[in-house]
Every structure is written in structure tokens, then in C-alpha cells.
Amino acid sequence: MKKLVLPVILAVALMLCAPLGAIAGGEDNTEDLKQEIQALKAKLAEMDQLKAKLAELEARLDKNDQQDVKAKEVTDQHEGVLAKIKDQTNIDIGGAVRFNYRNTDYNDKGKSRGGDLTWDIFRLNVDGSINNILVSAEYRWYSYMDVLHHAWMGYNFNENWQGQLGVTQVPFGLLPWASHNYWFSLAYYVGLEDDYDLGAKVLYKEGPLDIQMAFFKNEEWGNPADLERYSIDVVTSGDQQNQESNQVNARVAYTFGKDTKFNTEVGLSGQIGQLYNNTTDSNGSHWAAGAHVNGNYGPVNIMLEAARYSYDPDNPAGVNDQTILMGAFGADYTVASEAWLYIAGIAYNFDVNWGPVTGLQFYDDFSMIDKDEDGYENSFINTLGCLISANPVYIYVDLVMGKNAIWVGSDNNAMAQGDPDAEWQYLFNINFGYYF
């Protein structure tokens, strides 16, 4: 707008020159002079209007310039904040799609069909950090239910200490799993393998030392009557009205030869908590303790664990104290209240180059529950199998052999009284998984 000033001044000067030239030429007609003067005044008034308009436009331009500068400053600030957030955000989103083939010797119709191929799960994982806050969650959709696997937020207080709050893995025994196969060990079916509860956990790691301590207010849903869950927990149904509460866990492990190809982790675990009964409105108790060894010797992995667990419910008269009701995956079953648990597993890893297949892991996992109560039959599972790795595809091929083991041809009392006439039964399973 400032460029308009020079043309306006030149135009006024030209208008002034004409009447002044006439006066200088000796033209003294009064009427002509008056007309010239009136015309000049009109031009001057017009020029004043133009000057006022020019000043207004210049003021608006200055205001717009100031707003543009301010807007740029705000934009720069926002971009700086976004860049900072982006620098401090590291989130990975992944998941899996899995299908399952199964054939058993205790399902005659399934055997006649040559087994069944079914959709297993779709799962979604979120892991990472936002502004130094750690986050991890996994949700699963099965064909018959959808469940929370885990979900927690955490913080690294320093290079050794980390805190977690939410649905986190219970620190007990062999971690992250007490088995190599897809079906886990008997520890899982009594809530002592890959169990997740709702509470707070602290982890301390320094060199070969690994310490985990936790307090869990209750199981992951906060609703023991909901059987649609991933973790095996004490559940309520009928006259069985006990539920887990106020549980404390501690696990200490030390790895000899850490960060080498030949290393051995040895550890001790313990947990104790209340067992609230909704009918009696009083608390019983439960506890477990165990020792484990997890050794890696080149291509060989060896897992060993021995644990003792006990449930002491405060049931009303007439309800059997020698069993406790547990459940997950939409079903419940009884478990012996007191028993010893034994686990032994061995695996051998091969590197191969068969097209997309890069690795094979052959394994044999054995587990046993030795029950205290007289007349209760012990439970066994042995799984012989192979994991085929063709990243991002992983295939478990398992031959599961069980005796008085839940979901391997036995009824809902197999993990409690059991059947003295029970025979070994098999389940052949292939799980195909695409992980992204």
C-alpha cells in the first residue's frame, strides 16, 4: 500500500500546475479563477480522502503483518511441541492372526472328519512409550469370546528400577512361560503360568540379578463370575463363592553366565493372598512357593520347576474344602486345593535355510500335579512338538498326551478327584500363526 503514495502526489502536482500556469500567463478572468480554485479545493479534498484511505490501508496492513508474525510464532511453537512429542513417542502396533487344526482320540466324530480346522484368534498389541510413560496392552478376539490379555502403564525410575500399574503378568516361576509348546504346562491350568492380575509391580534388574515384587488387588476383570477370561483364576459359580484378593508376590532370580551362549537362571518365587468367600463374608487364604532353573547351553534349553500351592477357603458348611473352582475360556472346573507341581522341559534349536523357514525348535514338555488328598488321582501332561519359524509365520506342531488333565479328554473333575481308571489320551494340534 505504501507504493500508492508517489502516484497520488504526482497527480496532485499536475493538477496544481495547470491553474498556476494560467495565472502566470496573465489570464485574470475572475470567474475562471474561481472555478479553478473550486476545482483545486475539490482535488485537495479528494486528496485528503485518499490520504485517509491510504492511512487506513497502511494501518490494516501493519495489523495483518503483526498477526502473520504472531501466527508464525504460534505455528513454530506448535511445531516445536509436536516435534518434541514425536521425539518422545515410540509406539509399535502389532498383533497376530492364528488358525488351529486339531484331531483327538476322544472325539469320535472329529476323528471321522479327519480332525477340524478352525479360526483361533485375532489379537492386537500396543507397546512402547509416550513422554517416557511405558505402555503395553494386548486384546484378543476368539471365535466365541473376546478378552483382555494384559494392559499396563509403567515408568523407568532409573536404569535398574521400573514400575508397572494395571493388568500385569504375575511374577512366579519360569518366565515368561514354563513350557515351549502352544498348550502350556499344567502350571497354567492351576493359575501358576502366564497369569495376569490387576495391581502394581516393581522390577529391579542389575547385571545377572532380577527381582520382581507385586501387589494384586484381584484378578484381571474384578469379576470372578466372568468366565470369559484368558488367565486361569479362582472363579465363582453355584456354592463355590471364593475369589482371589490382596495377593502379594515376590520373585528373585540370578543368571550365571548372563549374556553368554551358556547361561543358567536359578530362582525362587512366592505368593500369598486372601480368598474371600461371598457366602460367609469372610476370608480364607492361599499361597504358593516354587524354585526353578532355566538353562541355555548353545542350541539346548532346559526348564525345571518345582512348586507347592495351597488354597484354604472359608466355605460354608457342606461345601468341600478339598477342591477350589477355577476357570477361563468360558468354562470352569475343580482343582485339588493342595498339591505339588513338577515341570521338566527340554528343547533343541536348529538353524535352517528352507525357503522362508529359518528355524526349527524340537521340544518335549512334561508336567505333573501330585495331589495331597487321599484318593485323588494325579494329573499328567506330556507334549512332544516342534516350532517352525518362518518369520512372520510361526507354526506349532504338538502331540499332547494327558491323563486326568483338563481339556485333554477328561471331565471337569480331572484336576481334582480325577478318575482312577483314566487312560492316557492324545490331542494332535497344529497352530498356524501370522504375526505382524
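This text follows the structure it describes.
The following paragraphs examine the structure supplied in this document. (Residues numbered from 1 in each chain as written. Predicted model: local features only at pLDDT ≥ 70, side-chain atom pairs only at ≥ 80, totals over all residues. Heavy atoms only, no water.)

**What about a nonpolar patch on the surface?**
Residues Ile-93, Phe-99, Leu-117, Trp-119, Phe-122, Leu-124, Trp-141, Val-393, Phe-432, Tyr-434 and Phe-436 make up a contiguous nonpolar surface patch of about 1,000 Å² in total accessible area. Among the elements of the structure, strand E1 (89–104), strand E2 (116–130) and strand E19 (425–435) are those that each provide at least two residues to the nonpolar patch. The dominant element in the nonpolar patch, judged by the number of residues it contributes, is E2, at four residues. Note that Phe-99 resides in strand E1. Judged by relative accessible area, Phe-99 falls into the partly exposed class, the value being 40%. (Patch = residues over 30% accessible without salt bridge, like charges linked within 9 Å, V, L, I, M, F, W, Y side chains within 5 Å. Areas by Shrake-Rupley, 256 points an atom, 1.4 Å probe, with all protein chains shown as cover. Salt bridge = Lys/Arg side-chain N within 4 Å of Asp/Glu carboxyl O. Helix = DSSP H or I, 4+ residues; strand = E, 2+ residues; numbered from the N terminus. Buried < 20%, exposed > 50% of the residue type's maximum accessible area, 1.4 Å probe, protein only.)

**Regarding empty space enclosed by the protein**
All chains considered together, the criterion is met by two cavities of 30 Å³ or more. Within this model, the largest cavity holds a volume of roughly 60 Å³. Contributing to the lining of the largest cavity are Val-190, Gly-191, Asp-195, Asp-197, Ile-232, Glu-244, Gln-247, Gln-271, His-286 and Tyr-311. Split into classes, the residues belonging to the lining of the largest cavity amount to three nonpolar, four polar and three charged. Counted as a void, the second largest cavity has a volume near 40 Å³. What lines the second largest cavity is simply Val-170, Phe-172, Leu-175, Gly-191, Leu-192, Glu-193, Asp-194, Asp-195 and Gln-271. For the lining of the second largest cavity, a count of residues per class yields four nonpolar, two polar and three charged. (1 Å grid on protein atoms, 1.4 Å probe; cavity = no way out; pocket = protein on both sides within 12 Å on 5 of 7 lines; lining within 4 Å. Points joined across faces, edges and corners; volume = space filled by probe spheres on them. Nonpolar A, V, L, I, M, F, W, Y, C, P; charged D, E, K, R; others polar.)

**Some remarks on the environment of Ala-422**
Secondary-structure assignment places Ala-422 in the loop between strand E18 (393–403) and E19. With 18 residues separating them in the primary sequence, Ala-422 and Asn-404 have C-alpha atoms 6.5 Å apart. If we skip the residues at most four places from it in the chain, Ala-422 touches Lys-403 and Asn-404. (Contact = heavy atoms within 4.5 Å.)

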